[in-house]
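Summary of the model geometry
Residue strings, one per chain:
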Amino acid sequence: MVTGDVKLIGSWASVFVMRARIALNLKSISYEFLQETYGTKSELLLKSNPVHKKMPVLIHADKPVCESNIIVQYIDEAWSSYGPSILPSQPYDNAIARFWAAYVDDKWFIALRSILTARGEEEKKAAIAEVEERTDHLEKAFMECSNGKPFFNGDHIGYLDIALGSFLGWWKVVELDANHILLDETKTPSLFQWAERFCNDPDVKPLMPETTKLAEFARKLFPKPQA
Amino acid sequence: MADEVILLDYWPSMFGMRTRVALEEKNIKFDYREQDLFNKSPILLEMNPVHKKIPVLIHNGKPVCESLIQVEYIDETWPGGNPFLPSDPYQRAQAKFWGDFIDKKVYGPTRLIWGAKGEEQEAGTKEFIEMLKMLESELGDKTYFGGETFGYVDIAMIGFYCWFDVLEKCGNFSIEAECPKLIAWAKRCMKRESVAKSLPDSDKITKFVPELKKKIGIE
């Protein structure tokens, strides 16, 4: 176990920060969690991530690592002898996991967020349809990657589970906002069951934000336009 | 067992060039198949059904999509020669950070420079120069981005070099004037056989852009 020289700059509400925290939990790494105040950026954040000025930033022995998926890979490599492997060991499986993690960020998340920023019913309906189509792709990805096992990564949660699963809190919040089921037990049954398993994982459960609290925060972040 | 390696690609794509360079660096024999992106082939649609984009690397029948994922896959699958990524986890994270930066921040503005006009084009040019300067600052006085050996970030960026001439003409600026160290780095990379083989001549790209604009319906 490593203590003292690991810090993480982040926020309780951020999906991307959660990814790093889950990875640290998987490896049983103790760290100092430096919570950013909503609406401001600390000097340490600006100094550690001058290019993007965004969280999360992992600071390990005073050296910063930025970008959530890169941080997760770093944690897996820097503490490779601690806990389970996060990335698959075979190059092809690794490439597939990275492909879908990139899809989650570049395509799926963008669609999910556009539900929250949609102006009017038409835009919202279109955004919902897009999320449903992309979630369908992820259901297929799950079948492809899991090979009958409980997680994308197999027996334990791994890179792609973390990449997508960290969204589950916000997924619920967007469902409430849209008044529409977005993770449907009948349409995407494997993903639905995976989601329950993921949220109950001991390295994930303490980090998943409470829906009411997150919904309240979402209203601040995505205020509804005045009628 | 002989490996079967196929690359579905499009000659002007700076992303396809990454994979070409990576394969050449490792001396891997591959079957290059030029794609018509305006009339997508069954194999492209079958091998990349999600994005329907090039490049697609097909290794023994199994597709790998997304250029930087392909570069890493090539490095892991054929470990001989100089590795593209360092073994130190922190150095690896830095390399991936800059590869990601090039994808997120450098590519976007280039489309505005050759594809847009007026204020939009000017904004694209300004942003592009700013992003190049960040990259140049990261390069510093090193031979390559990773130090003494040609690697991941060099591979991620070098394909943009053959587009520099047309970008300069469209945006009316000089990249060498703004980022001399980056140009010097690019010329060093061009001396490598893998790069010289994989990048088209700049004037081919310069002639291509007006045709592309017509094809996609922008003047």
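The rules we used
- Residues numbered from 1 in each chain as written.
- Chains lettered and ligands numbered in written order.
- Predicted model: local features only at pLDDT ≥ 70, side-chain atom pairs only at ≥ 80, totals over all residues.
- Heavy atoms only, no water.
- UniProt positions renumbered as here; feature names shortened; annotations may be inferred.
- Helix = DSSP H or I, 4+ residues; strand = E, 2+ residues; numbered from the N terminus.
- Pairing = 2+ DSSP bridges.
- Axes fitted to C-alpha atoms, helices over the stretch in contact; angles between N-to-C directions.
- Contact = heavy atoms within 4.5 Å.
- Buried area = accessible area lost by both parts, 1.4 Å probe.
- Salt bridge = Lys/Arg side-chain N within 4 Å of Asp/Glu carboxyl O.
- Polar contact = N/O pair within 3.5 Å; in protein donor to acceptor, adjacent residues only side chain to side chain.
- Expected span 1.5 Å × (residues − 1).
- Buried < 20%, exposed > 50% of the residue type's maximum accessible area, 1.4 Å probe, protein only.
- Phe/Tyr/Trp six-rings, centres within 6.5 Å; stacked < 30°, edge-to-face > 60°.
- Lys NZ or Arg CZ within 6 Å of the ring centre and 35° of its normal.
- Disulfide = S-S within 2.5 Å.

**Comments concerning the UniProt feature "domain: GST C-terminal" (unreviewed entry) in chain A**
Feature annotation in UniProt places "domain: GST C-terminal" (unreviewed entry) on residues 90-221 of chain A, given in this structure's numbering. Helix makes up 71% of residues 90-221 of chain A and strand 0%, and the two end C-alpha atoms of the span are 40 Å apart.

**Things to note about the UniProt feature "domain: GST C-terminal" (unreviewed entry) in chain B**
With numbering aligned to this structure, UniProt lists the feature "domain: GST C-terminal" (unreviewed entry) at residues 88-208 of chain B. With 76% helix and 0% strand, residues 88-208 of chain B has its two end C-alpha atoms placed 41 Å apart.

**Points about the sheet that holds strand β2 (residues 31-34) of chain B**
Backbone hydrogen bonds hold the strands of a sheet together, and the pairing may be parallel or antiparallel. All names here are of chain B. With respect to topology, four strands assemble into an open sheet ordered β2-β1-β3-β4, the strand pairing being mixed. Taken across any chain shown, the strands that pair with only one partner, and hence form the sheet edges, are β2 and β4 (62-65). The mean inter-strand angle of the sheet, taken between neighbouring strand axes irrespective of direction, is 20°. With four bridges joining them, strand β3 (residues 56-59) and β4 adopt antiparallel strand pairing. When the bridges of β4 are listed, L57 appears paired with V64. Its contacts with the sheet put helix α1 (residues 14-25) on β1 (5-9), β2 and β3, and the angle it makes with β1 is roughly 155°.

**As for the sheet that holds strand β2 (residues 32-35) of chain A**
Residues and elements named next belong to chain A. The strand order across the open sheet formed by four strands is β2-β1-β3-β4, and the pairing between neighbours is mixed. Unpaired on one side and paired on the other, β2 and β4 (63-66) mark the two borders of the sheet. Direction aside, neighbouring strands of the sheet carry axes that sit 20° apart on average. Alignment of strand β3 (residues 57-60) against β4, held across four bridges, turns out to be antiparallel. Looking at the pairing, H60 lines up with K63 of β4. Lying on the sheet, helix α3 (residues 68-78) is in contact with β3 and β4; it crosses β4 at an angle near 125°.

**Here we look at the interface of chain A and chain B**
Counting from both sides, the interface comprises 24 residues of chain A and, opposite them, 26 residues of chain B. For the pair chain A and chain B, the two sides together bury roughly 2200 Å², of which 70% comes from carbon and sulfur. On the chain A side of the interface with chain B, the three residues burying the most area are V51, Y92 and F99 of chain A, jointly 27% of the side's total. Seen at the junction of chain A and chain B, the total is four salt bridges. Linking R98 of chain A and E72 of chain B is a salt bridge whose minimum nitrogen-to-oxygen distance equals 2.8 Å. Seen at the junction of chain A and chain B, the total is six residue pairs in polar contact (both at pLDDT 80 or more). Those elements that place two or more of their residues in the side of chain A that touches chain B are β4, α3 and α4 (91-116) of chain A.

**Comments concerning helix α11 (residues 202-216) of chain B**
All names here are of chain B. Between its first and last C-alpha atoms α11 spans 21 Å; for 15 residues at 1.5 Å apiece the expected length is 21 Å, and the two agree. Within the span of α11, buried status applies to I205, T206, F208, V209, L212 and K213. Those residues of α11 that are buried are in contact with α4 (89-115) and α7 (164-171). Positive backbone phi, approximately 85°, marks G217, located one or two places after α11.

**What to know about the packing of aromatic side chains**
Taken as a whole, this structure holds 30 aromatic pairs over all chains when the rule is applied. Consider the rings of F152 of chain A and W194 of chain A, whose centres lie 5.2 Å apart with planes at 85°: the pair is edge-to-face. One end of the pair, F152 of chain A, is in the loop between α5 (120-146) and α6 (159-165); the other, W194 of chain A, is in helix α8 (residues 189-200), and 42 residues separate them in sequence. Each member of the pair, F152 of chain A as well as W194 of chain A, carries the same accessibility label: buried. Seen in terms of ring centroids, Y10 of chain B and F208 of chain B are 6.1 Å apart; in terms of plane orientation they differ by 75°. Their pairing is edge-to-face. Of this pair, Y10 of chain B sits in the loop between β1 and α1 while F208 of chain B sits in helix α11; the two residues are 198 residues apart in sequence, bridging distant segments of the chain. Each member of the pair, Y10 of chain B as well as F208 of chain B, is classed as buried. In this structure an aromatic cluster arises from ring pairing among F16, W108, F109, F167 and W171 of chain A. Taking NZ or CZ as reference, K62 of chain B lies 4.4 Å from the ring centre of Y92 of chain A, over its face.

**A word on the state of the cysteines**
All names here are of chain B. Summed over the entire model, instances satisfying the criterion amount to zero disulfides over all chains. The thiol of C162 is not disulfide-bonded; the next cysteine sulfur, from C189, is found 12 Å away. Residue C189 is classed as buried on the basis of its relative accessible area, which comes to 0%.

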